[in-house]
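What follows is the residue order along each chain.
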Amino acid sequence: MEKCLTTRIVGASVPRKEGADKLLGRACYVDDMEREGMWFGATVRSAIPRGIIRSIAFDRHIDWSEFTVVTARDIPGENHIHLIMTDQPCLADGKVNHCEEPILLLAHPDKHKLRKAVAAVHIEYELLPPVFSIEESERQDVIVWGADNLLKSYLLEKGDVDSAFSRAAHLVEGEYRTGPQEHLYIENQGIIAEYSAERGVTVWGSLQCPYYVFKSLRAVFDLPEEKVRVIQTETGGAFGGKEDFPSNVACHAALLAMKCGHPVKVVYDRIEDLAATTKRHPSRTRHRTALDKEGKLLAMEIDLATDGGAYATLSSTVLSRATLHASGPYLCPNVRIRSRSWATNNVPYGAFRGFGAPQAVFAMERHMDEIAAVLNMDPVELRRRNFLHEGDTNATEQLMREPVILDQLLDRALTESDYSARRRRFAQENSGSTIKRGMGISAFYHGSGFTGAGEVYLNSLAGVDVTHDGHVRVLVSNTEFGQGTNTILTQIAAEALGIEYSDAAMAAPDTGTVPNSGPTVASRTGMVVGRLIERAGLQLLALLREHAGLGASHTRDEFFAACARYRAAHGELVSLCRYEAPPDVHWDDEKYHGEAYGAYAWAVQVAQVAVDTVTYSAEVEEFWTVQEVGRVLHPILAAGQIEGGVAQGIGYALYEKVVMQDGRMANNQMTNYIMPTAEDVPPIHVYFEQIPFRYGGFGAKGIGELPHDGPAPAILNAIRDAIGIGFNSIPLLPEDLYAGLVSNQPAEEPVLP
Amino acid sequence: MRGNAQEHDLVAPGNLGAVLDLLAAEPGQWTPIAGGTELMVAFAAGKLNASKLVSLWGIPDLRFIAVTGDSIAVGAAATFLDLRRHSVIAAELPLLAKAASWIGSVANQSRATLGGNLVNGSPAADSSPALLAYDAEIEMISVRGARRIPYCEFHTGYKRNRLAPDELLYTIYLPRRFKRHTHYLRKVGTRRAMAIAKVALGATALVANGLIHEIRLGAASLAPFPARLMATEAALLGQAIAPETIRAARRALLAEVQPIDDIRSTAGYRRRVAANLLEEFLLELSAKAKRP
């Protein structure tokens, strides 16, 4: 096992770069910004899930001459949001495919005039039959997308599943479901746009991926690269919800700005944000598993389906990640995974931390406990017998070349949580109490970076430069939205260059300034972009050694003196590096075979849960999470990522229910969409084992998504341990626990006086 | 923020007499606003249907807690933080202190008032089960004078009450005779904090010679408004707490409550949990009665 390098800055919990500005209220979010002569924009949205727009009428009580109105006809370029596919219109043109679909846009200098004006646009529709569920969509009685409602499908095969089933000692089947989940970033979606014929389109906004927005604006406005500029403002949380959606808001604000001739601000309030923006894909996963007498996995057949909503958005890549995580961190010689994403007339689902993996891991890890019950085996032992190890291959037959320490993670999780002793104690105490306690476990891995050849296609470019006033800037399009990008990338730059942390800063996240280092998604920033910055730093030192007399070892002052000499002689001092794939990486995108990810992060989580049989509520009382994420770049930020992911996972499991009524979110207010508060989140114990990954930034692998994958199955497994009933669907609310607990009890009849 | 402040008038006369004069001059035209924790949420959602608002904030005649020999008088504009911090309430009426600690967040509690909670009249009102269990009375006031009624008669329907268009809720009176009672209050919310009750039950009872001598049950989210469970109380009064009594009381409660399916929960869940809470209270009462 490799040791961590001795470092000065990487691995230390330095103050976060933008921390003081956020604490002191100096950080400038998009709604804090004003532009001279700025107007405000609002969106007129579909009131129905599917239909033809028959007429649009403007109420006479409003003086429409004060307003700018934009329809699909005002779009100079393509009427679509540029993403993997081009099926989603920027503005509905003649037909709508989901509730809240944008139809037209209004702008006015007084934002208070907008709400009444939105309500005064009367739209008549001819209703078409809608589809709201995976089951309705796969029946294909009503076709709402393409020829067959199928947004994407994958088939992954390893070995010979059918013959393995014929010699199985045990066969276990199960069906598992997960619901939508809302991101609940603190700051809602928001953009300010400006347009001029000379400079084209400029937008400022709350977003994750400046170059995604850049590409969308180019398509909608039919503009060359130099006439589109996207600047990320301080962003108050994202979790994937600002990966693809800001492109929609940016195109809308910019269309209004072009037509009204003023800068236009479009900021959603929470009600609109909850109703109209993306959420996590709902899923249904069916497992059929063959095992031998000793409880070793012989074959897995997995059928996974997601609801993609009305347009393709990122459903294909979310489904890809779900497929690649569906069989868990286990060795199984025969695997068949068939996955499909179905179109419906729900608001399009989109990226959300974990990106399909939490859905797949929920099914796999709940299923492991059901298998253990059938085999009458300890769920811990079942997992241990089937863990992947170094030298094994997973479902895509990717060889595990790096050390795999699942046994070590499991041992630590069991020790730290005092798992066995607590289980024994609860088994004794439960019989005499209305509170039933249990312990549950989950084990999983999460692929870091883009899938398969994705990083090669991204072809990321990133680097550092040194300004004339002696500041090192990190040049990336990767963004800070609370997770620590600014801090870890400047740590890496300072470490690589042998200077102080305070000497390095982030260049403005502005497509006019920074190169395209890819999106800030997929747990790729620390590993992939971090590595580019590390390489760019070393390349810059080599440049200074060759051309500016920098010695083989140097002090901070010697570094900056060399920079000054170089600049005097050669002008700009910039070092950029392009992504290079690690050697021996092969991926077959047709067969879904080969190196699915450059690296995997691994984790074992343990939940202690108490079920109150008076109120049927389940609460997580304590949580342990042990993970191997490569080198930990910043211990406090890393632990914060893990704690936040666990808290979000607890919400996913027990609290957060999107109530859909005819394709519309009925509980689109925070009083009714229930996320856990600090009172509901238990003590979370976080432990890292560190194995540096040679192709990651100073040894880092992905961390951001991993912790969200495991809490839901661990919690529901703990509930099974507590009360002996396995629940296979999340969110699991008290009303669902009540239904499960009392369904086999005789009804209690009220007696009328 | 969907509300537009320019569409609302707000006046702050600063004393009780001036507020009552305003209500008398234009009955039903003015909506009193105290802490604003309910009305400002409606305002933010663009749903505040009150064009004229009269502020009750900062009026000393409305914000007081006065302890006399046999009762505690709480001004309608006393905040939940005032209630939480009051030593006599904490000692003698712990359910009210507990309920106050459950309202929204600490920030809400320093603005939200007891009177506002009652006049708003949510079926899920946090303070109501405790007030019903403590047999509270309320006093209403107008330029025509004051009148006093039992709190359990205040609510008359969903978000409807006995206040006349020119009247204000003035004082809540809590009798000081519950020191020997067993007190019970449990709120089943959607989470531990910042939660709206899916079911809540408040109760006080006195057992004498092994029989239930006195009992009051106050319920939230089980009817269109917070209410006493009179029929269930009647089924328990004079009874010894035995398994059959508990079963009978559960059946009486199931016959009496009228919860609904809504965005937060289901009627079936609410009914069952309400019965479970009653049973939990009766078992506590029985255990306490058996102790020397």
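Given the structure is predicted, the values throughout are model-derived calculations rather than measurements. (Residues numbered from 1 in each chain as written. Chains lettered and ligands numbered in written order. Predicted model: local features only at pLDDT ≥ 70, side-chain atom pairs only at ≥ 80, totals over all residues.)

Visitor: Help me get a handle on the interface of chain A and chain B, residues and values and all.
Guide: Listed per partner, the contact involves 28 residues of chain A and 29 residues of chain B. No other element matches the four residues that helix H20 (residues 734–742) of chain A contributes to the side of chain A that touches chain B. Classifying every residue of the side of chain A that touches chain B gives 15 nonpolar, six polar and seven charged. (Contact = placed C-beta atoms within 7 Å. Helix = DSSP H or I, 4+ residues; strand = E, 2+ residues; numbered from the N terminus. Nonpolar A, V, L, I, M, F, W, Y, C, P; charged D, E, K, R; others polar.)

Visitor: Please give an account of the domain arrangement of chain A that cites residues and values.
Guide: Residue and element names in this part refer to chain A. Taken domain by domain, chain A consists of domain 1 (19–27 + 460–578), domain 2 (33–128 + 183–276) and domain 3 (283–451 + 591–743). The C-alpha centroid of domain 2 is placed 35 Å from the C-alpha centroid of domain 1. Contacts between the two partners involve 15 residues from domain 1, matched on the other side by 17 residues from domain 2. Residue classes in the side of domain 1 that touches domain 2 are distributed as six nonpolar, seven polar and two charged. (Domains from an automatic or database assignment.)

Visitor: So what about the nonpolar core? Which residues, and what values?
Guide: Residue and element names in this part refer to chain A. In this structure, Val203, Ala253, Ala254 and Ile715 are the most contacted members of the largest nonpolar core, which totals 310 residues. In terms of residue count, the dominant contributor to this core is strand E23 (residues 599–612) (11 residues). Beyond its immediate sequence surroundings of up to four residues, Ala253 is in contact with Gly41, Ile191, Ile192, Ala193, Val203, Val264 and Val266. (Core = buried A, V, L, I, M, F, W, Y, C linked by C-beta atoms within 7 Å. Buried ≥ 20, exposed ≤ 12 C-beta atoms within 10 Å, placed from the backbone.)

Visitor: Hey, could you go over the sheet that holds E23(A) for me, with residue numbers and the actual values?
Guide: Within a sheet, adjacent strands bond to each other through the backbone by hydrogen bonds, running parallel or antiparallel. Residue and element names in this part refer to chain A. Spatially, four strands are ordered E16-E23-E24-E27 in an open sheet, and the strand pairing comes out mixed. What marks the edges here is a single partner per strand, and that holds for strand E16 (435–448) and strand E27 (684–689). In this sheet, adjacent strand axes meet at a mean angle of 15° when their direction is disregarded. By the bridge criterion, six bridges tie strand E24 (residues 617–628) to E27 in an arrangement that is parallel. Each bridged residue has a counterpart across the sheet, and for Gln627 the counterpart in E27 is Phe688. (Pairing = 2+ DSSP bridges. Axes fitted to C-alpha atoms, helices over the stretch in contact; angles between N-to-C directions.)

Visitor: Tell me about helix H5 (residues 94–102) of chain B, and name the residues and values.
Guide: Along an α-helix, residues three or four apart share an orientation, since each turn contains 3.6 residues. Residue and element names in this part refer to chain B. Of the residues making up H5, those classed as buried are Leu95, Leu96, Ala97, Ala99, Ala100 and Trp102. Looking at the buried residues of H5, the elements they touch are helix H3 (80–84), helix H4 (87–92), helix H6 (106–109), helix H8 (128–133), strand E11 (182–189) and strand E12 (197–208). One or two residues past the end of H5 sits Gly104, with phi positive at roughly 45°.

Visitor: Kindly report on the pairing of strand E11 (residues 228–232) of chain A, identifying the contributing residues and their values.
Guide: Residues and elements named next belong to chain A. Burial within E11 is extensive, with four of its five residues counted as buried. Strand direction decides the pairing type here: strand E10 (residues 200–205) and E11, joined by five bridges, are parallel. Residue pairing in the sheet places Val201 in a bridge with Val228 of E11. The β-α-β motif built from E10, the intervening helix H5 (residues 210–221) and the parallel element E11 has right-handed crossover chirality. (Right-handed = clockwise from strand over helix to strand, strands pointing away.)

Visitor: Summarise unusual backbone geometry; cite the residues concerned and give the values.
Guide: Residue and element names in this part refer to chain A. Cis geometry is adopted by the peptide bond preceding Pro731, which originates at Ile730 and carries an omega value of 0°. Position of Pro731 among the secondary structure elements: in the loop between strand E28 (729–730) and H20. Phi is positive for Asp584, close to 60°, though the residue is something other than glycine. At Phe698, a residue that is not glycine, the phi angle is positive and equals roughly 45°. Among the secondary structure elements, Phe698 is positioned in the loop between E27 and helix H18 (706–709). Judged by the 27 C-beta atoms lying within 10 Å of it, Phe698 falls in the buried class.

Visitor: Any chance you could break down the packing of helix H14 (residues 485–497) of chain A against helix H15 (residues 525–547) of chain A for me, citing the residues and the numbers?
Guide: All names here are of chain A. Taken N-terminus to C-terminus, the directions of H14 and H15 make an angle of 30°; their axes are 8 Å apart at the nearest point. In this view, H14 runs roughly parallel relative to H15, as classed from their interaxial angle. Our pair here, H14 against H15, has a crossing hand that is right-handed. In this structure, H14 uses Thr485, Ile488, Leu489, Ile492, Ala493, Ala496 and Leu497 to contact H15, whose residues at the interface are Thr525, Gly526, Val529, Gly530, Ile533, Glu534, Gly537, Leu538, Leu540 and Leu541. (Parallel < 35°, antiparallel > 145°, perpendicular 65-115°, else oblique. Left-handed = near helix turned anticlockwise from the far one by under 90°.)

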